[in-house]
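Residue-level structural notes
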Amino acid sequence: MSRARQPPLVTGISPNEGISWTKVTIRGENLGTGPTDLIGLTICGHNCLLTAEWMSASKIVCRVGQAKNDKGDIIVTTKSGGKGTSTVSFKLLKPEKIGILDQSAVWVDEMNYYDMRTDRNKGIPPLSLRPANPLGIEIDKGRFPQKDLEALFPGMSADFTSENFSAAWYLIENHSTTSFDQLKMAVVNLKKQANKKNEGSLAYVKGGLSTFFEAQDALSAIHQKLEADGTEKVEGSMTQKLENVLNRASNTADTLFQEVLGRKDKADSTRNALNVLQRFKFLFNLPLNIERNIQKGDYDVVINDYEKAKSLFGKTEVQVFKKYYAEVETRIEALRELLLDKLLETPSTLHDQKRYIRYLSDLHAPGDPAWQCIGAQHQWILQLMHNCNSLLHSPMLDLDSDVRPSPIGHLSQTASLKRGSSFQSGRDDAWRYKAPQQVVFVEKLTKLVVSQLPNFWKLWISYVNGSLFSETAEKSGQMERSKKNARQRQNDFKKMIQEVMHSLVKLIRGALLPYSLREGESRQYGGWEMKSELPGQWLTHVIQTVRLSSESLTALEIPNDMLQIIQDLILDLRVRCIIVTLQHTAEDIKRLAEKEDWVVDNEGLTSLPSQFEQCIIHSLQSLKTVLECKPGEASVFQQQKTQEDVCQLSIGIMQVFIDCLEQLSTKPDGDIDTAHLSVDVSSPDLFGSIHEDSSLSSEQRLLIALSNCRYLERHTFLNIAEHFEKHGFQGVEKITQVSMESLKKLDQRLFEMYIEFKADPIVGSLEPGIYAGYFDWKDCLAPAGVRNYLKEALVNIIAVHAEVFTISKDLVPRVMSRVVEAVSEELSRLMQCVSSFSRNGALQARLEICALRDTVAIYLTPESNSSFKQALEALPQLSSGTDKKLLEELLNKFKSSMHLQLTCFQASSSAMMKT
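Residues numbered from 1 in each chain as written. Predicted model: local features only at pLDDT ≥ 70, side-chain atom pairs only at ≥ 80, totals over all residues. Heavy atoms only, no water.

**Points about the overall build of the chain**
- A tally of helices and strands in the chain yields 30 helices and 13 strands.
- Residue burial in the chain is summarised as follows: out of 915 residues, 41% are buried.
- Summarising the internal contacts of the chain: among those between residues at least 6 apart in sequence, 75% fall at separations of at least 24.
- When the accessible surface of the chain is totalled, it reaches about 50900 Å², and 52% of it is carbon and sulfur. (Helix = DSSP H or I, 4+ residues; strand = E, 2+ residues; numbered from the N terminus. Buried < 20%, exposed > 50% of the residue type's maximum accessible area, 1.4 Å probe, protein only. Contact = heavy atoms within 4.5 Å. Areas by Shrake-Rupley, 256 points an atom, 1.4 Å probe, with all protein chains shown as cover.)

**Considerations on the sheet that holds strand S6 (residues 53–56)**
- On the basis of which strands lie adjacent, the open sheet formed by five strands has the order S6-S7-S3-S1-S10 and mixed pairing. Each edge of the sheet is formed by a strand with only one pairing partner; in this case those strands are S6 and strand S10 (85–86).
- Bridging between S6 and strand S7 (residues 59–63) involves three bridges; their strand directions are antiparallel. Within the sheet, the bridge partner assigned to Glu53 lies in S7 and is Val61. (Pairing = 2+ DSSP bridges.)

**Thoughts on the nonpolar core**
- Met385, Ile566, Phe612 and Met831 are the most contacted members of the largest nonpolar core, which has 191 residues in total.
- Of all the elements, helix H19 (residues 560–590) adds the most residues to this core, at 16 residues.
- Residue contacts for Met831: discarding those within four places in its chain leaves Ile770, Trp777, Phe837, Ala845, Ile849, Ala871, Ala874 and Leu875.
- Core analysis: the second largest hydrophobic core is formed by 20 residues, Val10, Ile43, Trp54 and Ile74 among them. (Core = buried A, V, L, I, M, F, W, Y, C linked by side-chain atoms within 4.5 Å.)

**Regarding unusual backbone geometry**
- Residue Pro15 is bonded to the preceding Ser14 through a cis peptide linkage, with omega at -5°.
- Secondary-structure assignment places Pro15 in the loop between strand S1 (9–14) and strand S2 (17–18).
- The backbone of Trp21 shows a phi angle near 65°, a positive value even though the residue is not glycine.
- You can see Trp21 is positioned in the loop between S2 and strand S3 (23–29).
- Residue Trp21 is classed as partly exposed on the basis of its relative accessible area of 30%.
- In this structure, Asn30 is a non-glycine residue whose phi angle is positive, near 55°.
- Of note, Asn30 is situated in the loop between S3 and strand S4 (38–43).
- Taking the relative accessible area as the measure of exposure, Asn30 reaches 15% and is therefore buried.

**Some remarks on the packing of aromatic side chains**
- Under the definition given, this model contains 15 aromatic pairs.
- Aromatic pair Phe456 and Phe493: ring centres 5.2 Å apart, planes at 35°, arrangement tilted. Here Phe456 is found in helix H13 (residues 437–465), whereas its partner Phe493 is found in helix H16 (residues 490–512), with 37 residues between them in sequence. Phe493 matches Phe456 in its accessibility class, with the two residues each being buried.
- Geometrically, the ring pair formed by Trp457 and Phe493 is tilted, given 5.7 Å between the ring centres and 45° between the ring planes. (Phe/Tyr/Trp six-rings, centres within 6.5 Å; stacked < 30°, edge-to-face > 60°.)

**Let's talk about helix H2 (residues 167–174)**
- Along H2, the residues that are buried comprise Trp169, Tyr170, Glu173 and Asn174. Summarising the axial view, the buried residues of H2 lie within an arc of 105°, below the 170-degree limit, and thus occupy one face.
- As for H2, its buried residues are in contact with helix H1 (146–152). (Arc of directions from axis to C-beta.)

**Here we look at the pairing of strand S8 (residues 71–78)**
- S8 sits mainly inside the fold: six of its eight residues count as buried.
- Two elements, S4 and S8, share five bridges in a ladder whose sense is antiparallel. Counterpart to Leu41 in the pairing with S8 is Val76.
- The pairing of S8 with strand S9 (residues 82–83) spans two bridges and is antiparallel. The residue bridging Thr78 from the neighbouring strand is Gly82, located in S9.
- If you look at the hairpin formed by S8 and S9, you'll find three residues sitting between the two strands.

**Some details on the pairing of S3**
- Judged by which residues are buried, S3 turns out to be one-sided: Val24, Ile26 and Gly28 face inward and are buried, whereas Lys23, Thr25, Arg27 and Glu29, on the alternate face, are not.
- As judged from the five bridges shared by S1 and S3, these two strands associate in the antiparallel manner. The residue bridging Leu9 from the neighbouring strand is Glu29, located in S3.
- Of the pairings in the sheet, the one linking S3 to S7 comprises five bridges and is antiparallel in character. Within S7, the position partnered with Arg27 by the bridge is Lys59.

**A word on the side chain of Asn293**
- By the secondary structure assignment, Asn293 is in helix H6 (residues 281–296).
- In this structure, Asn293 is in contact with Asp298, Val301, Val302 and Asp305, ignoring residues within four places of it in sequence.

**So, the confidence of the model for the chain**
- Of the residues in the chain, 81% have a pLDDT of 70 or more, and the chain-wide mean is 77.
- For residues 395–432, every residue scores under 50 in pLDDT, and the model assigns this stretch 60 contacts once sequence neighbours within four places are set aside.
- Counting interchain partners and residues more than four positions distant, the pLDDT-below-50 stretch residues 908–915 has seven contacts. (pLDDT = per-residue confidence, 0-100.)

**Examining the side chain of Asn840**
- Turning to its location among the elements, Asn840 is positioned in helix H27 (residues 839–855).
- At a separation of 3.3 Å, a polar atom in the side chain of Asn840 contacts the main-chain carbonyl oxygen of Cys780.
- Residues contacting Asn840, with those up to four places away along its chain left out, are Cys780, Leu781, Ala782 and Pro783. (Polar contact = N/O pair within 3.5 Å; in protein donor to acceptor, adjacent residues only side chain to side chain.)

**A look at empty space enclosed by the protein**
- Under the defined criterion, the tally for this structure stands at two cavities of 30 Å³ or more.
- Counted as a void, the second largest cavity has a volume near 40 Å³.
- Lining the second largest cavity we find Glu596, Trp598, Leu608, Leu661, Leu664, Ser665, Ile704, Ala705 and Asn708.
- Looking at the lining of the second largest cavity residue by residue, the classes come out as six nonpolar, two polar and one charged. (1 Å grid on protein atoms, 1.4 Å probe; cavity = no way out; pocket = protein on both sides within 12 Å on 5 of 7 lines; lining within 4 Å. Points joined across faces, edges and corners; volume = space filled by probe spheres on them. Nonpolar A, V, L, I, M, F, W, Y, C, P; charged D, E, K, R; others polar.)

**Notes on the pattern of salt bridges**
- In total, this model carries 25 salt bridges according to the counting rule given.
- The salt bridge partner of Arg331 is Glu291, with a shortest N-O separation of 2.6 Å. On the criterion of sequence distance, the pair formed by Arg331 in helix H8 (residues 319–344) and Glu291 in helix H6 is long-range, its members being 40 residues apart.
- Taking the relative accessible area as the measure of exposure, Glu291 reaches 33% and is therefore partly exposed.
- As a salt-bridge pair, Asp645 and Lys641 come within 2.9 Å of each other at their nearest N and O atoms. On the criterion of helical spacing, the pair formed by Asp645 and Lys641 is a turn pair, its members being four residues apart in helix H22 (residues 640–666).
- Taking relative accessible area as the criterion, Asp645 reaches 30% and is therefore assigned partly exposed.
- Where salt bridges share partners, they join Lys264, Asp268 and Arg271 into one cluster. (Salt bridge = Lys/Arg side-chain N within 4 Å of Asp/Glu carboxyl O.)

**Brief notes about the packing of helix H9 (residues 350–362) against helix H10 (residues 369–387)**
- Taken N-terminus to C-terminus, the directions of H9 and H10 make an angle of 150°; their axes are 9 Å apart at the nearest point. If you check the angle between H9 and H10, you find them roughly antiparallel. For the pair H9 and H10, the crossing hand works out as right-handed. Counting all contacts with H9, which are made through Gln353, Ile357 and Leu360, the residues of H10 involved are Pro369, Ala370, Cys373 and Gln377.
- Looking at the contact of H9 with H10, its residues break down into five nonpolar, two polar and no charged. (Axes fitted to C-alpha atoms, helices over the stretch in contact; angles between N-to-C directions. Parallel < 35°, antiparallel > 145°, perpendicular 65-115°, else oblique. Left-handed = near helix turned anticlockwise from the far one by under 90°.)

Here it is in structure tokens:
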């Protein structure tokens, strides 16, 4: 046999005892497959099928009827399983019979009193049951939104006890997926319930039929006696006698029942009072409940209870209700004050602010709490910003040490700050003690603004669009009033944002750019002890911090006109950073003179030009992020004054290095540190004039400076100009032109000094050498060769050549040409001063002039050629071939004897030809 055909089994009943008409729940197994399958239900032998409601195969609900047996089983009978059994029993309690004169602690329901005269219960109508499932089939709640159903059936209800009950709504909501067979079964259940109602009415009529007959018989007997007694006197009529009897009975009844009726009236009053307390206990308990819920923080419950009480008793005329409602209003007013205090309390989260504003709007708080909160947040942010000045009174940080190189390493380790982030940083606390006060202050200030202003802005946006208010406020029109107020207060809020932005900018200016504030503002926002100018690297870091703050505020969609003041601050900081960096670069370049080691390379250069170029390149690279224009930023060179200042500073940097070169090359020997000159091993050191262990002379320093000047002019300055252009500097042509002119002037001065050092002694030795031994051009012997004075002059010229060649080969032609010019000019002057020459004197003079000219032929210039020509023209012409031949022999002899010394000129010639 399958499980569905097993007999019903009752395993539980709740409650398990009670009087007649007690509602019980029966539980068990196989209690039927549906309402139609249930055909029998008895409790203590009484048939309870009429009130039975089949809920499921394991549950049935019914009312216990009047049974003869005090205790009995619960038997369920179904079509599918037949008659069942029970493992539990039900005890039927009999109600206590209370007479009309008996005192009772409880009120006896007069609807079902026991008639002592007839010794039976008055008939009562069957219970008006309101089952939760009127169709008797399984409920399957659909997924249709309640709002859609309300729109589809306006003014209707799915509650089957309502006057506006809609069957279609009920079916869609509870049986949208029920099969057609199940719906047919539901129709059968409804018909069955209707039949039960009809039978209940008939039973009521049958129960009162005997009473009706008794009343009919009594009235008929009275009527017959009255008719029989109609001939008697009125005073002695039965009616009169009956009236007297009734009056005496009434007086006797009053005497007997006065106390009982008094108790009844008192009981009625007590019952009425209890009913009022029970019915309106919500209002009477509301003040205490409000206090308890406020202490627990259940403000939503308080608001819902208040709205309910306001709708029920807000306009009541009952004094007791007025009294309690006034107490409720007192509690609510205290709650409004509490919520307003919490709303204006700082700090608080945006979520809490919105919550408190919604509570206050639902409580119909006076004024505009949302705007009050916005004003309080604005003042709090301003107070926090000014409190940052407490850094002024903190212990001094390490500002005296040279912190300029240190930020580079720290900035590379600084955690990047993202837009909309909270400005959290991964720095060490130690970093803040190494950073200047102003930098720490700006970090703290911008972090504060970026962390607080977004919530402040979002609170305003919520205020404008009405999202701060609940549906209750929306229905009451409070949201529209709020939106209207927000439109009227847009200018006031704009002023608040501008005040925050102005305070932010002025506080930063007071710390970094105090000169940009007015006198009154300097006292309010300044006060920093500026021992020294903040280095460019720290200014770069501050610019990055302010930029990230601006990006975070821009992400909030704050109008650009409100943030323009921050862009102006960034521009001023960028300009100041460039100026300070260039000034510090000039100071660094000044100190390059201390690093000059006078060690030259193969090209005759020291490390000074390279150090100078690297110093400027490093400075420009540190300004790369400053010079770049972020979105919304203007070019740092947009102002003409900035262009001029940067151009002058750049020119000043170049001039500082030029002055450094001049100082190094011209200061006395005693002021120069002893250094060593490194010579290229591949370069010939013919005369050993400069060795690795020898100290530098002033002439050698001049040569090294000239070599550096030559390299600066041809390479370094041009490279620097390219870097200036690469980084967007304006007026690069002017910077290069002025610097080149200054460099050329220095080069010329140094060159003239060196020529003066070297050429003047050689030139000065010519005249004494020519006339040594009382030599006379008019009376002299036949020439036997070049005299010693000229050989000494040549040796001195060769020494100059050797010295220049050792330092820089490229300087040899320039120096030697100028020395030759000086010598040839002096020789021409001396020849032109001779009044007359003898034949031997003229031949001797021509020999020496030609010897000198031919020896230094590779260094002849138009000026020196002209001088030699003038010198030869001052001599008499050779008249015979013998003199010419002698001259040629003597010249060859001279060249042969001085071959070793003149080799340097040949090597130079070869090198020049290759070049």
